[in-house]
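What follows is each chain in one-letter form.
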Amino acid sequence: DIAGISLHGEVFIISWLVIFLILGASFLATSKLEQIPQGWQNFMESVLEFTTDIARNQLGESFYRPWVPFVSTLFLFIFGCNWAGALIPWKVISLPEGELAAPTNDINTTVALALLVSVTYFYAGIRKKGLGYFGRYLQPTPIL
């Protein structure tokens, strides 16, 4: 408990483990950049190309480029959290309270990621179309 708020320390531990693994892979991939990639650089360039294709297909050719870091970070975090829960038998490690599990198994992580994406979605809409962006939510549909 911190200031009367109950925190799930087990989720934080695995989340930070996944974050450190992603950061470690990023540092390994960018420590010695080469014109012809090898090893970690090759792997991370493949991951970046894959997530860039996801962003391009979902956002469109003219709008995707600024969103590649956001989409890539979300993809890698969710992918890492899911695999951390699938590959590692966390229940073997006993804790005084609770148990270790995949962060995406906890509703709080899922809600936090959903809120992050929703706020970002509204930010992008307002930035592109101004406050008139909300007009499409207020207009009645022809069906009504």
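From a predicted model like this one, the values you see are computed outputs, not experimental measurements.

## Re helix α3 (residues 68–87)
So, point 1. If you check α3, its first and last C-alpha atoms are 27 Å apart, about what 20 residues at 1.5 Å a residue would give, namely 28 Å.
So, point 2. For α3, the set of buried residues is V68, S72, L74, F77, G80, C81 and A84.
So, point 3. Those residues of α3 that are buried lie in contact with α1 (9–30), α2 (39–59) and α4 (107–129).

## Remarks on the nonpolar core
So, point 1. Formed by I14, V18, L74, F77, C81, A84, L100 and L113, the largest nonpolar core amounts to eight residues.
So, point 2. Counting only elements with at least two residues in this core, the list comes to α1 and α3.
So, point 3. With four residues, the top contributor of residues to this core is α3.

## Some thoughts on a nonpolar patch on the surface
So, point 1. On the surface, a cluster of nonpolar side chains totalling about 720 Å² of accessible area is made up of Y121, F122, I126, L131, F134, Y137 and L138.
So, point 2. Secondary-structure assignment places L138 in helix α5 (residues 135–138).

## What to know about the packing of α1 against α2
So, point 1. Relative orientation of the contacting elements α1 and α2 amounts to 115°, with a least axis distance of 7 Å. Of the two elements, α1 crosses α2, and the hand of that crossing is left-handed. The segment α1 lies against α2, with A25, S26, L28 and A29 engaging W40, Q41 and M44.
So, point 2. Counted by class, the contact of α1 with α2 contains five nonpolar, two polar and no charged residues.

## A look at the confidence of the model for the chain
So, point 1. Per-chain confidence: the chain averages 85 in pLDDT, with 88% of residues scoring 70 or above.
So, point 2. Of all the helices and strands in the chain, α5 carries the lowest mean pLDDT, 76, while α2 carries the highest, 91.

## Remarks on the packing of aromatic side chains
So, point 1. According to the stated counting rule, one finds eight aromatic pairs in the structure shown.
So, point 2. Judged by centre distance (5.9 Å) and plane angle (70°), the ring pair of Y121 and F122 falls under edge-to-face.
So, point 3. For Y121, a relative accessible area of 43% corresponds to the partly exposed category.
So, point 4. Since its relative accessible area comes to 33%, F122 is described here as partly exposed.
So, point 5. The structure contains a cluster of three or more aromatic residues connected by ring pairs, namely F50, F75, F79 and W83.
So, point 6. One residue, K128, lies across the ring of F63, its end atom 4.7 Å from the ring centre.

What counts as what
- Residues numbered from 1 in each chain as written.
- Predicted model: local features only at pLDDT ≥ 70, side-chain atom pairs only at ≥ 80, totals over all residues.
- Heavy atoms only, no water.
- Helix = DSSP H or I, 4+ residues; strand = E, 2+ residues; numbered from the N terminus.
- Expected span 1.5 Å × (residues − 1).
- Buried < 20%, exposed > 50% of the residue type's maximum accessible area, 1.4 Å probe, protein only.
- Contact = heavy atoms within 4.5 Å.
- Core = buried A, V, L, I, M, F, W, Y, C linked by side-chain atoms within 4.5 Å.
- Patch = residues over 30% accessible without salt bridge, like charges linked within 9 Å, V, L, I, M, F, W, Y side chains within 5 Å.
- Areas by Shrake-Rupley, 256 points an atom, 1.4 Å probe, with all protein chains shown as cover.
- Salt bridge = Lys/Arg side-chain N within 4 Å of Asp/Glu carboxyl O.
- Axes fitted to C-alpha atoms, helices over the stretch in contact; angles between N-to-C directions.
- Left-handed = near helix turned anticlockwise from the far one by under 90°.
- Nonpolar A, V, L, I, M, F, W, Y, C, P; charged D, E, K, R; others polar.
- pLDDT = per-residue confidence, 0-100.
- Phe/Tyr/Trp six-rings, centres within 6.5 Å; stacked < 30°, edge-to-face > 60°.
- Lys NZ or Arg CZ within 6 Å of the ring centre and 35° of its normal.

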